[in-house]
Amino acid sequence: MKLLPALLGLVLLFALSAPARAAESNRAVSSRATVSLVSATTAADTTSLKLGLLFRLKPDWHIYWSDPGDAGEPPSISITAPKGATAGPFAYPAPHWLVASGVGDYTETGTVLLPFTLKLPQPGATTITASANWLVCDPKICVPESGTFTLALPGGSAHASPQAPLFAEAAAQMPRLSPFHATIAPGGILAITGSGLNDAAVKSAHFYPDDPSVIANAAPQKLGFVRGGFTLALTPADAKKPLTTLSGVLEITDPAGQTQALTLTATPGAAPAPLHVTPWYVWIAGALLGGLILNLMPCVFPVLAIKAMAVARLGHDDRARARHESLAYTLGAVFAMMILGGILLAIRAGGTALGWGFQFQSPVFIAIMAWLVFAIGLNFAGLFAISGMENLGSGLAARGGLLGSFATGLLAVVVATPCTAPFMGGALAAALAAPLALGLSIFAALGLGIALPFVLIAIIPAVARLLPRPGAWMDILRQILAFPMFATAIWLLWVMALEAGASGVLIVGAGAVLIAFALWLLRFRGVFTKGLAVLAVAAALFLLPRITPADAGAATGKATGIADSQPFSTTKLAALRAAGKPVFVDMTAAWCITCQVNERVALEPASVQRLFRSHHITLMIGDWTRRNPAITRFLAAHGRDGVPIYVYYPPDHAKPVVLPQILTPSIVTGAINGAT
């Protein structure tokens with residue numbers, strides 16, 4: 001008796017699942033993608049059917065938009081049965097902008113449905129046969145693929161198929177007609193004007209043309225603001241051929257990271273006058289002040305240690321040499337800041353999204369810095385002192401102090417980078433958005449601000465006279481300062497664990513032993529020991545290529561120990577916001593000491609966690625320890641180029657609140673209670 005209900009259940013399950021199979025064709029499966037033909041309805045009760053080519057793309061693979069850009073090919077489909085059936089064009093969701101090796105493409109990734117309308121000769125049961133071709137690519141190769149699909153639909157009354165939600169989701173992603181006025185100037189200035197378009201509502205925008213030959217697809221599109229709207233500086237594909245009309249899709253991202261896609265056609269017009277911008281000298285002064293304030297940051301242990309030894313070294317009666325070494329230190333700091341800024345500007349000009357502190361997202365860089373800081377600690381502790389330099393000649397010996405001061409300033413900036421964001425956010429954003437000359441000037445001012453105390457020593461004799469005289473206390477101070485260096489090396493080792501796992505930690509540890517052995521060998525004068533030291537350093541360097549990043553998913557959310565938190569997801573954030581739920585977003589990184597201090601002081605306390613639970617606030621952690629394009633876009637949408645950033649989204653769709661970059665429990669509770 002118990003067998004009969006089970007059999008009936010299986011029959012019912014089979015009957016219910018039949019329409020699901022009928023609404024999807026056979027699948028073309030490869031290691032790169034799974035593709036099928038799907039229907040929005042379960043039957044062919046009219047002569048007009050809503051079908052779609054469904055792509056399930058593997059991570060890192062993409063297909064192309066209707067305008068593929070500089071390279072690529074969009075998907076195509078051909079209906080071979082029933083006879084007389086005709087297919088309309090694909091409808092495409094807004095694309096992604098991909099730039100690689102100077103080539104700009106417009107792509108689709110993830111799960112992508114390309115809907116189209118099929119006209120049948122007559123309604124009723126039908127079997128649809130279609131052939132499709134598509135090009136699927138990753139950052140290195142492109143593979144042409146094809147498939148033949150058969151989709152059988154019965155006649156009779158039609159209902160929404162199990163695939164119908166995919167069509168509804170695709171419809172929500174489709175660009176809508178723009179309500180704004182658009183003009184294009186001959187030189188490529190696209191102007192968008194309309195209600196609500198200002199710098200408080202628009203954080204970024206990008207235009208995707210219908211015609212791939214009208215603009216330079218790989219060129220960045222600089223955002224500017226005018227009265228009643230904004231502009232995008234497009235680069236015409238042919239400098240001798242002015243732009244007269246332009247059509248395509250415009251994506252606009254607001255400060256909350258939400259994006260809307262609009263179809264528009266721009267008519268000819270003159271480039272509007274830009275709004276009043278902040279004078280360049282204001283940004284320079286702000287950068288100088290931000291760099292100066294960084295000297296008060298207690299978290300920058302290596303910078304404090306290096307500067308303390310530099311101050312001790314300058315405490316002698318040779319005031320001229322004190323000035324020279326101070327200027328050399330300043331030059332090193334300015335040079336390092338300009339190099340970092342120049343690299344970031346150059347990479348961004350190529351279309352790659354990077355943020356401030358990008359070098360700490362490289363496990364190889366982390367390993368080199370850990371070894372360098374560890375070696376400096378050994379030097380401070382007295383394990384080694386490089387001898388024999390005096391034999392290289394008096395000229396080089398005299399010049400060695402200046403080179404040492406220059407290197408000290410350079411290293412101070414490189415190591416201090418993760419702690420600069422709280423004081424330099426505005427200046428960094430301005431530098432990355434400004435013309436090249438102004439951007440580099442802002443970075444130079446940041447470096448000058450960091451070295452400003454040494455500049456004062458160099459140009460004001462009264463300050464130099466306040467320095468203590470050298471003595472035995474310098475050796476004790478140097479040994480004490482070895483411990484902050486060792487602490488920094490341990491911190492970098494922890495960052496390595498997050499970025500490259502246990503194998504990365506093992507490699508860094510082994511390299512540190514080899515380097516310590518090499519430095520110990522420098523105590524001896526023999527040629528053999530010197531050669532052995534060189535081999536030990538070479539062996540450590542040989543280990544660097546063996547450091548490989550850990551699985552990206554495994555590292556997500558591990559930069560913080562906050563309980564009851566979720567990894568950051570733009571999709572999840574959008575869903576929670578759409579439901580009117582409160583969300584607190586914490587963008588952090590393991591190498592950002594300010595982030596770690598804020599979390600332990602202001603977010604982890606039990607009172608703050610109770611407040612989160614009582615208000616049903618979802619805490620989302622964005623871990624930027626390693627490169628994450630979604631987090632980089634979130635930062636850019638809020639006018640930031642580095643972490644930390646804290647954004648509270650109150651319930652019921654209230655305006656989000658951006659908190660300060662230095663947090664206290666009272667700031668967090670005040671933001672939540674004040675916005676609730």
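Residues numbered from 1 in each chain as written. Predicted model: local features only at pLDDT ≥ 70, side-chain atom pairs only at ≥ 80, totals over all residues. Heavy atoms only, no water.

Caption draft 1: Summary view of the overall build of the protein. When helices and strands are counted, the protein shows 20 helices and 24 strands. Counting over 676 residues, the protein shows a buried share of 47%. Element-wise, carbon and sulfur atoms account for 66% of the exposed surface of the protein, whose accessible area totals about 31100 Å². (Helix = DSSP H or I, 4+ residues; strand = E, 2+ residues; numbered from the N terminus. Buried < 20%, exposed > 50% of the residue type's maximum accessible area, 1.4 Å probe, protein only. Areas by Shrake-Rupley, 256 points an atom, 1.4 Å probe, with all protein chains shown as cover.)

Caption draft 2: Representation of the sheet that holds strand S1 (residues 24-29) in the model. Read across the open sheet, the 5 strands follow the order S1-S2-S3-S9-S6; overall the sheet is antiparallel. The sheet terminates laterally at S1 and strand S6 (86-87), the two strands that pair on one side only. Pairing between strand S2 (residues 33-39) and strand S3 (residues 48-57): 7 bridges, direction antiparallel. Looking at the pairing, Ser-36 lines up with Leu-54 of S3. Set on the sheet, helix H2 (residues 164-173) makes contact with S2, S3 and strand S9 (111-119); between it and S9 the angle comes to about 100°. (Pairing = 2+ DSSP bridges. Contact = heavy atoms within 4.5 Å. Axes fitted to C-alpha atoms, helices over the stretch in contact; angles between N-to-C directions.)

Caption draft 3: Highlighting the sheet that holds strand S20 (residues 565-567). Strand order in the open sheet formed by 5 strands is S20-S22-S21-S23-S24, and the pairing between neighbours is mixed. Here the strands that pair on one side only, and so sit at the sheet edges, are S20 and strand S24 (657-659). When the angles between neighbouring strand axes are averaged without regard to direction, this sheet yields 25°. Sitting on the sheet, helix H16 (residues 570-578) touches S20, strand S21 (583-588), strand S22 (618-623) and strand S23 (645-649), and the angle it makes with S22 is about 155°. Where helix H17 (residues 593-603) meets the sheet, it contacts S21 and S23, and its direction lies at approximately 145° from that of S21.

Caption draft 4: Quick look at unusual backbone geometry. In this chain, Ala-81 is followed by Pro-82 through a cis amide linkage whose omega measures 0°. Within the secondary structure, Pro-82 is located in the loop between strand S5 (76-81) and S6. In this structure, Asp-60 takes a positive phi of about 80° despite not being glycine. Within the fold, Asp-60 resides in the loop between S3 and strand S4 (62-69). One non-glycine residue, His-616, lies in the positive phi region at around 55°. For His-616, the location among the structural elements is in the loop between helix H18 (606-614) and S22.

Caption draft 5: Focus on the pattern of salt bridges. Tallied over the full model, the rule gives 3 salt bridges. One salt bridge connects Glu-24 with Arg-56, and the closest N-O pair in it is separated by 3.5 Å. One end of the pair, Glu-24, is in strand S1; the other, Arg-56, is in strand S3, and 32 residues separate them in sequence. The closest approach of N and O atoms between Glu-145 and Arg-32, which form a salt bridge, is 2.7 Å. On the criterion of sequence distance, the pair formed by Glu-145 in strand S11 (residues 142-153) and Arg-32 in the loop between S1 and S2 is long-range, its members being 113 residues apart. The same class applies to Glu-145 as to Arg-32, namely buried. (Salt bridge = Lys/Arg side-chain N within 4 Å of Asp/Glu carboxyl O.)

Caption draft 6: Representation of the packing of helix H13 (residues 482-521) against helix H14 (residues 527-543). Close contact between H13 and H14 brings their axes to 8 Å; oriented N to C, the two are set at 165°. Taken together, H13 and H14 sit at an angle that is classed as roughly antiparallel. For the pair H13 and H14, the crossing hand works out as left-handed. The segment H13 lies against H14, with Ile-507, Ala-510, Gly-511, Leu-514, Ile-515, Phe-517, Ala-518 and Leu-521 engaging Thr-529, Leu-532, Ala-533, Ala-536, Val-537, Ala-539, Ala-540 and Leu-543. The residue inventory of the contact of H13 with H14, partitioned by class, reads 14 nonpolar, 2 polar and no charged. (Parallel < 35°, antiparallel > 145°, perpendicular 65-115°, else oblique. Left-handed = near helix turned anticlockwise from the far one by under 90°. Nonpolar A, V, L, I, M, F, W, Y, C, P; charged D, E, K, R; others polar.)

Caption draft 7: Region of the structure containing the packing of aromatic side chains. Within the structure shown, the criterion is met by 15 aromatic pairs. Plain terms: the ring middles of Trp-134 and Phe-149 are 6.4 Å apart, the flat faces sit at 25° to each other, and that makes the pair stacked. You can see Trp-134 sitting in strand S10 (residues 126-137) and its partner Phe-149 sitting in strand S11, a full 15 residues away along the chain. Its relative accessible area of 4% is what places Trp-134 among the buried residues. Through a chain of ring-to-ring contacts, the aromatic side chains of Phe-55, Trp-134 and Phe-149 assemble into a single cluster. (Phe/Tyr/Trp six-rings, centres within 6.5 Å; stacked < 30°, edge-to-face > 60°.)

Caption draft 8: Just the pairing of S2, in detail. Burial of S2 is extensive: 7 of the 7 residues sit out of reach of the surface. Residues of S2 alternate between two faces, with Ala-33, Val-35, Leu-37 and Ser-39 on one and Thr-34, Ser-36 and Val-38 on the opposite face, all of them buried. Linkage of S1 to S2, two consecutive antiparallel strands, is achieved through a turn of 3 residues.

Caption draft 9: Seen up close, H18. When we look at burial in H18, the residues that qualify are Val-608, Gln-609, Leu-611 and Phe-612. What you see down the axis of H18 is that its buried residues fit within an arc of 155°, all on one side. In the segment just after H18, His-616 is the residue with positive phi, at about 55°. (Arc of directions from axis to C-beta.)

Caption draft 10: How the structure looks around H17. For H17, the buried fraction is high: 8 of the 11 residues fall into the buried class. Of the residues making up H17, those classed as buried are Ile-593, Thr-594, Cys-595, Gln-596, Asn-598, Glu-599, Ala-602 and Leu-603.

Caption draft 11: Spatial organisation of the side chain of Ser-25. Along the chain, the position of Ser-25 falls in strand S1. For Ser-25, a relative accessible area of 8% puts it in the buried group. Filtering out sequence-adjacent residues up to four positions away, Ser-25 remains in contact with Ser-36, Leu-37, Phe-149, Thr-150 and Leu-151.

Caption draft 12: Here's a closer look at a nonpolar patch on the surface. A cluster of nonpolar side chains, namely Trp-280, Tyr-281 and Val-282, defines an oily patch on the protein surface of about 360 Å² accessible area. Here Val-282 is to be found in helix H3 (residues 280-294). (Patch = residues over 30% accessible without salt bridge, like charges linked within 9 Å, V, L, I, M, F, W, Y side chains within 5 Å.)

Caption draft 13: Expanded view of the nonpolar core. The biggest cluster of nonpolar side chains holds 57 residues, and the ones touching the most others in it are Phe-55, Leu-118, Ile-192, Phe-230 and Leu-250. Those residues in contact with Phe-230 that sit more than four places away from it in its chain are Leu-190, Ala-191, Ile-192, Leu-197, Val-202, Ala-205, Leu-223, Gly-224, Phe-225, Leu-250 and Ile-252. In this structure, Val-373, Phe-380, Ala-482 and Leu-519 belong to the second largest nonpolar core, which totals 54 residues. (Core = buried A, V, L, I, M, F, W, Y, C linked by side-chain atoms within 4.5 Å.)

Caption draft 14: Expanded view of the environment of Leu-440. Structurally, the position occupied by Leu-440 is in helix H9 (residues 436-450). Here Leu-440 falls in the partly exposed class, since its relative accessible area comes to 23%. Residues Leu-440 and Gly-341, spaced 99 residues apart in sequence, show a C-alpha to C-alpha distance of 6.7 Å. When sequence neighbours within four positions are dropped, the list of residues in contact with Leu-440 reads Met-338, Gly-342 and Leu-345.

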